[in-house]
Amino acid sequence: MDKLIIIGGATGTGKTAYAEKVASELNGEIISADSMQVYKGLDIGTAKDKNLSVPQHLIDAVEPHENFTVVDYMVRAERAVKEISSRGKTPIVCGGTGFYINSLIYELSYGNHEDGGLREQLYKHYETFGIDSLYEELVNNDPTSGEKIHKNNVRKVIRAVEVLRTTGKPYSAQGDSLKKKISNYDLIVLKVSPREKLYERLNDRVDKMFFSGLKQEVRGLLDVGVTFDMQSMQGIGYKEWQNHFFGTLTENEVCELIKKNTRNYAKRQETWFYNQYPEAQIKVF
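Since the model is a prediction, treat every value here as computed from it, not as a measurement.

1. Digging into empty space enclosed by the protein
Reasoning step 1: Applying the stated rule across the entire model yields 2 cavities of 30 Å³ or more.
Reasoning step 2: Taken as a whole, the second largest cavity encloses approximately 60 Å³ of empty space.
Reasoning step 3: Elements that contribute at least two residues to the lining of the second largest cavity include exactly α3 (98-105), α4 (116-129) and α11 (251-276).
Reasoning step 4: Per-element tally for the lining of the second largest cavity: the top contributor is α11, with 4 residues.

Below is the structure:
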């Protein structure tokens, strides 16, 4: 694969604007690494910006009723990298979905123990709930690996749990390892400091989403047959509406829940990038 520039970081850190600036300077094009912006019709709740001065790829790529796996992403993103490079331009991957970025850097195949669907499920569990329950599963079933793998090494914890579930045997007995398929990449991680500044920015962004018609966007998706059990509606900003339309949550309670979930997600994203990619260049704003 051609050399990649990857811009990652927590939600709300300004990744898209920064990527647009870099792409303008380097005659580049952006490849999104956002698991929600890939869906058509999910615009307000994903903070999608479709009016950049440079081309974007893997934005509005699939219908909201379709499933889109990490393998689907890898295939399309790698194809986009080659196509952009063939035109003499610079491919710039931008997003905060860790397992999308991993799919471009690491081999998805792990011998006889591969289960891409399970791995994606585990990553999504981590994004939603954090690492604690997965790490507890590892410690309880494979204490040797639990001692060797730090809880913050999310990638290895998930890999070890995947091996446990698919083979019924401890990861420590497998002699299995994660292998990079590329080494020629520059990873830039954006950070807003102090964290309270990021949280204030995220709260303001959610307020603007509500003002811009987030509730109407969700209602419109439901009206065309999209349901809350579909993959597209599992993202923050969408899933919280289920207990408003089919439950007892008020609109204000939904707003506060989205703010809380967004802040928690941003914290998990920070942990992910800082611990998984120590080689990354950190840019603080």
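Picking up where we left off.
2. So, the side chain of Glu29
Reasoning step 1: Examined against the element boundaries, Glu29 turns out to sit in strand β2 (residues 28-32).
Reasoning step 2: Here the side chain of Glu29 touches His57 through a polar contact of 2.6 Å, side chain to side chain.
Reasoning step 3: For Glu29, the residues in contact, after removing those within four places along its chain, are Ala23, Pro55, His57, Ile84, Arg87, Lys89, Thr90, Pro91 and Ile92.

3. What about the packing of helix α2 (residues 70-86) against α3?
Reasoning step 1: Closest axis-to-axis distance for the α2/α3 pair is 9 Å, and the angle between their directions is 55 degrees. With respect to their mutual orientation, α2 and α3 come out oblique. As for how α2 packs across α3, the hand of that crossing is right-handed. Across the interface between the two elements, Val70, Tyr73, Met74, Ala77 and Glu78 from α2 touch Phe99, Tyr100, Ser103 and Leu104 from α3.
Reasoning step 2: The class makeup of the residues in the contact of α2 with α3 is 7 nonpolar, 1 polar and 1 charged.

So, how was this worked out
Residues numbered from 1 in each chain as written. Predicted model: local features only at pLDDT ≥ 70, side-chain atom pairs only at ≥ 80, totals over all residues. Heavy atoms only, no water. 1 Å grid on protein atoms, 1.4 Å probe; cavity = no way out; pocket = protein on both sides within 12 Å on 5 of 7 lines; lining within 4 Å. Points joined across faces, edges and corners; volume = space filled by probe spheres on them. Helix = DSSP H or I, 4+ residues; strand = E, 2+ residues; numbered from the N terminus. Polar contact = N/O pair within 3.5 Å; in protein donor to acceptor, adjacent residues only side chain to side chain. Contact = heavy atoms within 4.5 Å. Axes fitted to C-alpha atoms, helices over the stretch in contact; angles between N-to-C directions. Parallel < 35°, antiparallel > 145°, perpendicular 65-115°, else oblique. Left-handed = near helix turned anticlockwise from the far one by under 90°. Nonpolar A, V, L, I, M, F, W, Y, C, P; charged D, E, K, R; others polar.

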